[in-house]
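One-letter residues, chain by chain:
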Amino acid sequence: MADQGEIKGQEEDLSPDIKDWSKHQVRAWVLKLDDVDDRFAEILFEQDINGPSLLLLDTSDLKTMGVTFGPAKLIIHARDELMKLKKEEPTSSANKPGGPCKPYPFCRYHDPYRYMESSILDITESGASDFIEPCHEYKAFINTTDETKMSKFTAEVIRFAAACMNSRTNGTIHFGIGDKPKFTHGQVLGVVVEDKEAYTNELKSAIDGYFEHKHKQTAQICIKPPRFVGVLNKNMTSSDKCVIEVDIVPDSTICEENIYHIFNMDLKKAKKKAKDKETVKTETKPLKQFFVREGGSSRDLLLPTTFAKPMEEYNKFVNCVAQLSQLRKEAEEKHLSVIKSSTQGSRLSQMITGGSLSLDKSHFELYVIVTNKSHSNQFESLGFLVELNPTAVLDFDPESAKHGLQRHFEQQSAVSVHLPAQYKITEGVEDIANKLKLTRNTSWVFCNGGIEDEAPSDVDQWLMDKGASIRDVISFLCRKDVLPNKRFLVVFLLLSTVSENMDPLVKTFSTFLQELKGTEQILCICDNEKAFTSWRDLIKVECGKDISDRCIHELSFAEVNGTILSLLSKNRRSSRFLPCGGGSKVLLEKKVERSMNTLEVLCVNQCEGGDEDKIVIEENFYKGGKVSWWNFYFSEQPGSTPFIKRDKFDFILNTVIPELCTLRKACVLLNLMHVPGCGGTTLAMHTLWALRDRFRCAVLRDSNADFDEVAEQVVKLLMYDHGEQLPRVPVLLMIDDFDEKEKVLDLQQLIEKECAKKDIQSKSPQVILLNCMRSESPEHNEATVDTVFIGNDLSEKEQRLFEEKLVEIEKTHKNAQTFYGFMIMKKNFKPEYIQGVVRNTLKSFNMNQKHAQLLAVLVLLNVYCKSASLSVSLCEEFLGLQPKPFCGTIKVEEGFGKFSTLIVSCSVESKVVFKAVKMIHSSIAWHCLQELTTTHNVSKADIADRLLTTDKLYESTQGKDKLLQDVHQILVKRYHSEQEESQFSPLIQDIARETPGLEEMVLQNASKRFDKDAVVSQLLARYYYLKKKDFSEAKVWAQGARNLSKDSSYIADTSAQVIKHELKNAIANYKEEPISPEKLDTFLKMAQSAIDAFKETQRIAKKESIQRLQIKTDNCPFNISGCLGEIQVGVLIIEVLAKTPVFSSDIVRHDIMSQVLSGDAKLEDVEKADHRHKHRPYYRILKQFEDVLYNLKYQMKVNFDFLYNFYVNLGSRFGIKDSREQVTQKELLRCFRVYAKLFCKTDTAALLKNKNMPPLLKLHQTRQYLEMQKADTYYGILDCLSNGISPEIMEKIARLYHLLGEPGQISTVTDRINFLYVNVVLSRIKLESSHIRPYRELIQLLCQVLCGPIPLSDNLPLHFIAVVLLWPQQHQSSPECRSLGKYISQMRTSYHTMMKEVYNGRRPTVHFLLGKKQGYERLVHLGEIKRCIMAEQEQFSSMWENGKIWREKKVEELLCRVTGEVKNDLILADTCIQNLKVEVIPVFRSQLGGHAHGSKVSFFIGFSMKGPVALDIN
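Scope of this entry: the structure provided in the associated data block. No experiment lies behind these values; they were computed from the predicted model shown. The numbering scheme is per chain: residues are counted from 1 as the chain's sequence reads. For a predicted model such as this one, the threshold for reporting local features is a pLDDT of at least 70, and the threshold for listing and counting side-chain atom pairs is 80 or more; totals across whole chains, interfaces and linings nevertheless cover every residue. For side-chain calculations, the full set of non-hydrogen atoms in the structure is used, while hydrogens and water are omitted.

Per-residue accessibility, obtained with a 1.4 Å probe over protein chains only, is compared with the maximum for each type, and a residue is labelled buried under 20%, exposed over 50%, and partly exposed between these values. Helix and strand labels come from DSSP, where a helix needs a run of H or I of at least four residues and a strand needs a run of E of at least two; each type is numbered from the N terminus. The alternating pattern of strand β16 (residues 392–395) places A392 and L394 on one face and V393 and D395 on the opposite face, and all of these are buried. When DSSP finds at least two bridges between two strands, those strands are taken to pair. Inspection of the sheet shows strand β15 (residues 366–371) paired to β16 by four bridges, in the parallel sense. Its bridge partner lying in β16, V368 is registered against A392. Crossover handedness is defined by viewing with both strands directed away from the observer: a clockwise path from the first strand over the helix to the second marks the crossover as right-handed. The β-α-β motif built from β15, the intervening helix α16 (residues 383–388) and the parallel element β16 has right-handed crossover chirality. Relative to strand β18 (residues 442–446), β16 is paired through four bridges, and the arrangement is parallel. Note on β18: the bridge partner recorded for L394 is V445.

Below is the structure:
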């Protein structure tokens, strides 16, 4: 008989086809059949029945051989079923074998290792080799029932364990690993295990049952508990299956020279034979078995065989046990003597820092991580990932967000989750990077699905499904304009073994290798030899590269973690704290801090425990670099002189900020205005440093950041760790480099809105904005309540401090003479010193040298754009410096040669964060530009031309977008004064002055560099019509701009301006008088075209304004240029017509022109009355333009009314003087005077005295006079309060309106409403005037108007004056007061209807405030408040915004404080009439944040066209 070991070997090697079976395999197959006795298997074996003969057998053949009828039928049926199954079985993709994989590490239980479904274990079933290397046995474990699976599991483990223990070899038996014939040998199948503990308990019991009593203890030690290794689906997701593995370790000290028998406890067969009572006792008696490992199977040496004498092999083996035990012992000792002597810890330190051995000073600025399937056991050893703060993580684990690495990382750091498709270049590269928040948050890219319903792909399918999108990600990250060239490291973190050549990580490595052109920027980390070997071999095959020297594999992840963390300074590793009030502190979690990515948070313990290089940091600062927190920290250390306190430092700390803290706004503003280069930014940061334990201090990283996001993060910093409590410590936020005050105020407003949204209830400022802003005027030193000015003139005390500091500097720094930033201030900004430094440094300047060209470009940029810089990447590319990813690389400053002392490095926060260089000081830049021009004959035009035409500057490098923005700014941005509008940017104007004519060449090159930029095309159009007077060329450029930006009213306006200026120029150049008919025709055609173009501008402007209202975040005001332009063309038409003989000969003809342009006289009638035949050609031409001429006065009047309504009822959002607006208003006044001179001629004296004047003439002249004084509209009358009109003229206006109201006169509703306004305004100008109607009489008149029909156009002015006059007052209230709420509602509706096209970006003007007195005197105009506090407009606006104005005693005495109740975003104001409450809107909604719904408040009332408003809410 064959032995049982052979049976097992044959059983597991069964071929899928029966015809291939040997007689051994046939026997093995029969032995597995249920209810067929083993002896029938031996009969078939002895009859040499193999596969082909088995296929030919039938039942009778088997009976002939001695097989009884029942078993014969079972054997034939089983054969037929097997053949049928083989025919029907489809080719399943699930059973399709996968790639090779390694077995789970021997005798380990917590390794993060998992098998992948259908992968093939790359070791075969084996016997003993070197005793230590485990042998393996596979069991598919699939044809078992719930009743039999546990007994099968224990029986197989015991048999295998006994064989290993007797053979003294380590071993592992695997359940859930397939074998032939159904599967590939070693194929991972997995089994579903519902109760893992049951397997452990059953095995323990089985050991006690099978082994002899004396060996039970030993067996329990040698047979390890079951291990359940998870099985992943092919797409890397988790399945419910696992592979059960049991390790056997027959340690020599435990097993000694013993041999191990086991008892045969075959319960199934015992039960089957229990029916024969006579044989029960003998059949169930345990039989001893003695198993050994032989080949790939276990063999029982006690089983009788036909091949050897009984017991011969057994005795022979037993005699050799002592020798086996000795060999085992020697193998163990040899294995233990292999001591791990690795240098990989130091190699890891070198590679991950680029050779600096410090992550604080690493050569690599950024890190990209590529990783695969993780295991929760690994997480505690991956803390270094959070500290590395990777720019991007390419994660191939589809379950990472569910229970993998991404979820773990997100709990500790800020993460932006992305799909690969988001990296596809569909717009500007830096715009994409900005949207992804690259370089701000860690971008976590799910490379194999797992989020947003994207399904994961199988390993074999991944390249087809997702390979292209991952290549896009890698190509994007490796662009020089995204991450710094050669200064980022890609770390392949292999958390699972990579064993297939189609694995996504292999393809990803190949792509990175191609993009980075080598492995210098790649580091691979795994934690075992097998994972490394597999990875190395796969990469060798895929890429032809041996990456051994770029791999770390001898360290565990815990050791990797410790090594990397040790490269951080104590400061980087230490906890950071925020102040929490009363001297307490709160821990600032890393995740929270990183989530506030628009802010640089200054902590209480900033810099403590740091090991920064003091010399390097101080040198950078003293040279002219931006101050860092380290500079303040070093100055506080023992042996250092204190940081220089500027004179304004104590004033800010002890006076200004405490005073701001008494205000009642949620967010208040402190402006620190400074001349560039005088230390303003340093003073602001010094202020933050000094207050870091009393305020939560932060610096805004980028002035172009999304303000909504900034506001949200500022409030997050304010509320952090306060829970439901009120914040006790305000935020002090420094903002720098803002070009426009409006942007600062926009941010302030959004922070207030965010405070209100979060319902932060506090009655003092929660956020102080320290706005550090450049002022170009050194003379401007007038401080306001919220503004401090720092000039470039040091006081004696400051000079003395600088002298003392210089002594300290010279002791510690050898090259102090090159610390020009410090020395310029120490020398009190003396031009002679700066000029000397520049002249000496630029002695060898040669424009043909690359570093000289780059310096010239940097100088020009810094002079005309103070925040300009050039990225380090750009400089390296331009200068040919080749950065390498290891320490010792040449510094970019050194590439500038002798000019390196004039530049300094800095960090730029733009769409992407990058390192850059800039000029050390603004005055150095200015003097360099002068020196280049005067000494080296390099003009501004030369440098600008080089800047625009050198393509190398605009290649894909970091900071390209920022450079383009800066270049665009110096070409386009104009600066305006109150006197005139600047026509061009300072650079263009300076080039035109220095090298006349060359500015055209520069602008032409600008148009090529910015060929898709409408604003640059617009600039060319403006240049040609303003400077060159080449109107045909200007039209070409204007049309080009329109084509690029069809929906911009400002671009459309340029086309209109070209025609207007062409007309204006043509009129000016035509010297003959009168104008010839031909010229009149030309001029009027041009005027017609200009009017049409300006009407188009108005149409687009209104469309723009409506769109801005819908967006709600765009605060650009309405573009009025189309309205003003049409008025200006009207003035030019009047000028042209006045030079024609038809209208120019005398006063009468002039009046005729007025009538024609008013539409009151027809040209035919005028022609009939004109008997001069020589005028006929003029009439013929004039008739062609009748539409324009008859409507000219009307259209001009419409536009005048529109603009005056706009300016009177809508003020700038923040009360800031706009110099361009002031220039526009002056031009508007000039045009109105021309208009009034033609259309409003009247003699007021005769009008008032001549009682015999015909009524119609009197009415006509009255209206003309009122129009001339702009008193024919309610807003014109209101404007009389502000425009300095004399009381006498105002009285005349009152008398004329009185005339209009007399019986017999045609008085309109508008007239009567205007009469109300005139009385109110006159009362505010001259209360004692006899022409003012008594207050009660005025109320009666108002009530009469309210009772009558009201035209829609009169609704707004009527309801405004009704609310003003009818606001209840003690003892004098009218019954109409009861309707006050209705009038307010109607007023608001009218306001939104009539003003919606124009009110975006502006604030309704508060025309009156409610005073304490009665009658007219209770209406307080803003002018009265200004007179109370004797403030200039700028200071008044500032006090109005921050609420300080209400603290002025005179103001408080003047105004009436009203009480009310908070209701959502409104206040229900109390009145002196019982049960009458009126809705009032707060001017600053944030002031309601301190008051819960229903709480009582007091406030001042203001009256605007939008309705009554609440001010100074308490």
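This paragraph deals with the packing of helix α58 (residues 1309–1325) against helix α60 (residues 1355–1366). Axis definition: a line fit to C-alpha positions, over the contact stretch in the case of helices; interaxial angles, taken between N-to-C directions, run 0 to 180 degrees. The interhelical angle for the contact between α58 and α60, taken along N-to-C directions, is 40°, at an axis separation of 10 Å. Judged by the angle between their axes, α58 and α60 are oblique. The two elements α58 and α60 meet at a crossing, and its hand is left-handed. Across the interface between the two elements, I1313, L1316, Y1317 and V1320 from α58 touch P1357, L1358, F1360, I1361 and L1365 from α60. By residue class, the composition of the contact of α58 with α60 is nine nonpolar, no polar and no charged. Oblique is the label for any angle not under 35 degrees, not over 145, and not in the 65 to 115 range, which are roughly parallel, roughly antiparallel and roughly perpendicular in turn. Note on convention: the crossing is left-handed when the near helix lies turned anticlockwise from the far helix by less than a right angle, right-handed when the turn is clockwise. Whether two residues are in contact is decided by their heavy atoms: any pair within 4.5 Å suffices. Residues are grouped as follows: Ala, Val, Leu, Ile, Met, Phe, Trp, Tyr, Cys and Pro are nonpolar; Asp, Glu, Lys and Arg are charged; all remaining types, including Gly, are polar.

So, about the sheet that holds strand β29 (residues 787–790). Taken in spatial order, the six strands make up an open sheet running β24-β26-β27-β28-β25-β29, and their pairing is mixed. Of all the strands in the sheet, just β24 (599–602) and β29 have a single pairing partner and so form its edges. When strand polarity is set aside, the average angle formed by the axes of neighbouring strands in this sheet is 20°. Relative to β29, strand β25 (residues 667–674) is paired through four bridges, and the arrangement is parallel.

Another point: the state of the cysteines. Disulfides are covalent bonds that link the sulfur atoms of two cysteine residues. In this description, a disulfide is simply a cysteine sulfur pair whose atoms lie within 2.5 Å. Counted according to the given criterion, the structure contains zero disulfides. Free of any disulfide, C242 has its nearest cysteine sulfur in C101, 15 Å distant. The class of C242 is buried, set by a relative accessible area of 5%. In this structure C667 is not part of a disulfide, and its nearest cysteine sulfur, from C755, lies 7.1 Å away.

Moving on, we get to the packing of aromatic side chains. Two aromatic rings, taken as a pair, are described by how far apart their centres are and by the angle between their planes. Think of it this way: a Phe, Tyr or Trp ring, Trp meaning its six-membered ring, pairs with another when their centres are within 6.5 Å, and the plane angle makes it stacked under 30 degrees, edge-to-face over 60, tilted otherwise. Tallied over the entire structure, the rule returns 50 aromatic pairs. Judged by centre distance (5.7 Å) and plane angle (90°), the ring pair of F509 and W535 falls under edge-to-face. With F509 in helix α21 (residues 504–516) and W535 in helix α22 (residues 529–543), this residue pair connects regions lying 26 residues apart in the sequence. One exposure class covers both F509 and W535, and it is buried. A connected cluster of aromatic rings, assembled from ring pairs, spans F621, Y622, W629, F632, F643, W689, F802, F819 and F822. For R692, the ring lying beneath its charged end belongs to W689, and the centroid distance is 3.8 Å. Either the NZ atom of lysine or the CZ atom of arginine qualifies as a charge over a ring when it sits within 6 Å of the ring centre and within 35 degrees of the ring normal.

Read across the sheet, three strands follow the order β30-β32-β31 without closing on themselves; strand pairing throughout is antiparallel. Bordering the open sheet on either side are β30 (870–871) and β31 (903–909), each of which pairs with just one other strand.

Turning our attention to empty space enclosed by the protein. Here the term cavity refers to a set of points on a 1 Å grid, laid over the protein atoms alone, in which a 1.4 Å probe fits but cannot get out; the term pocket refers to an open set having protein on both sides within 12 Å along at least five of seven lines, with lining residues being those that place an atom within 4 Å of a point. Grid points are joined across faces, edges and corners, and a volume is the space filled by probe spheres set on the points. Using the criterion set out here, one finds nine cavities of 30 Å³ or more in the structure. Roughly 280 Å³ of internal volume is contained in the largest cavity. Looking at the lining of the largest cavity, the elements that each hand over two or more residues are β2 (115–116), α20 (459–477) and α21. Within the lining of the largest cavity, the residues separate by chemical class into twelve nonpolar, seven polar and five charged. A volume near 100 Å³ is recorded for the second largest cavity.

For a regular strand, side chains alternate in direction, first toward one face of the sheet and then toward the other. The pairing of strand β22 (residues 576–581) with strand β23 (residues 584–588) spans five bridges and is classified as antiparallel. Note on β23: the bridge partner recorded for R576 is L588. The hairpin turn running from β22 into β23, its antiparallel successor, is two residues long, and G582 in that turn takes a positive phi close to 65°.

Moving on: the side chain of S1154. Looking at where S1154 falls in the secondary structure, it is placed in helix α48 (residues 1147–1158). Other than its neighbours up to four places away in sequence, S1154 contacts L1238 and F1239.

Attention shifts here to helix α44 (residues 1049–1069). Helix length check: α44 (21 residues) gives 30 Å between terminal C-alpha atoms against 30 Å at 1.5 Å per residue, within 8%. Among the 21 residues in α44, 15 count as buried, and that is most of the element. The N-cap of α44, judged by a side-chain oxygen 3.3 Å from the amide nitrogen of Y1050 a few residues on, is S1048. To estimate how far a helix should reach, multiply one less than its number of residues by 1.5 Å. Whenever two N or O atoms come within 3.5 Å, that pair is a polar contact, provided that in protein one can donate a hydrogen and the other can accept it, and provided that, for residues adjacent in sequence, both atoms are side-chain atoms.

On to unusual backbone geometry, then. Among all residues except glycine, the phi angle is most often negative; among peptide bonds, the trans geometry is most common. Residue E1073 is joined to P1074 through a cis peptide bond whose omega torsion reads -5°. Relative to the assigned elements, P1074 resides in the loop between α44 and α45 (1077–1111). The backbone of M236 sits at a positive phi, close to 75°, despite the residue not being glycine. Residue position: M236 is located in the loop between β9 (227–232) and β10 (238–248). Despite not being glycine, C607 has its phi angle at roughly 75°, a positive value. Its location among the elements puts C607 in the loop between β24 and α26 (614–623).

We now examine the packing of α20 against α21. At a minimum axis distance of 10 Å, the contact between α20 and α21 shows a crossing angle of 30°. With respect to α21, the axis of α20 lies roughly parallel. Judged by the twist between their axes, the crossing of α20 over α21 is right-handed. Residues V459, W462, L463, I470, R471, I474 and S475 of α20 lie in contact with α21, whose contacting residues are P504, K507, T508, T511, F512, Q514 and E515. A class-by-class count of the residues in the contact of α20 with α21 yields seven nonpolar, four polar and three charged.

Another aspect to go through is the nonpolar core. Most often, soluble globular proteins have nonpolar side chains that are buried together. Put simply, buried Ala, Val, Leu, Ile, Met, Phe, Trp, Tyr and Cys residues joined by side-chain atoms within 4.5 Å make one nonpolar core. Counting residues in each nonpolar core, the largest one holds 165 residues, and the members touching the most others are F845, M919 and I924. The element best represented in this core is helix α35 (residues 850–864), accounting for eleven residues. Among residues more than four places away in sequence, those in contact with F845 are A852, L855, A856, F899, L932, H936 and V938. In this structure, V1166, I1293, V1318 and M1395 belong to the second largest nonpolar core, which totals 137 residues.

The next point concerns the pattern of salt bridges. Only one rule defines a salt bridge in this text: a Lys or Arg side-chain nitrogen within 4 Å of an Asp or Glu carboxyl oxygen. Taken as a whole, this structure holds 73 salt bridges when the rule is applied. For the salt bridge of R299 with E313, the shortest nitrogen-to-oxygen distance reads 2.2 Å. Pair noted here: R299 is in strand β14 (residues 297–300) and E313 is in helix α13 (residues 312–319), with a separation of 14 residues, a long-range link. Relative accessible area serves as the criterion here: at 8%, R299 is assigned to the buried category. A relative accessible area of 33% means that E313 is categorised as partly exposed.

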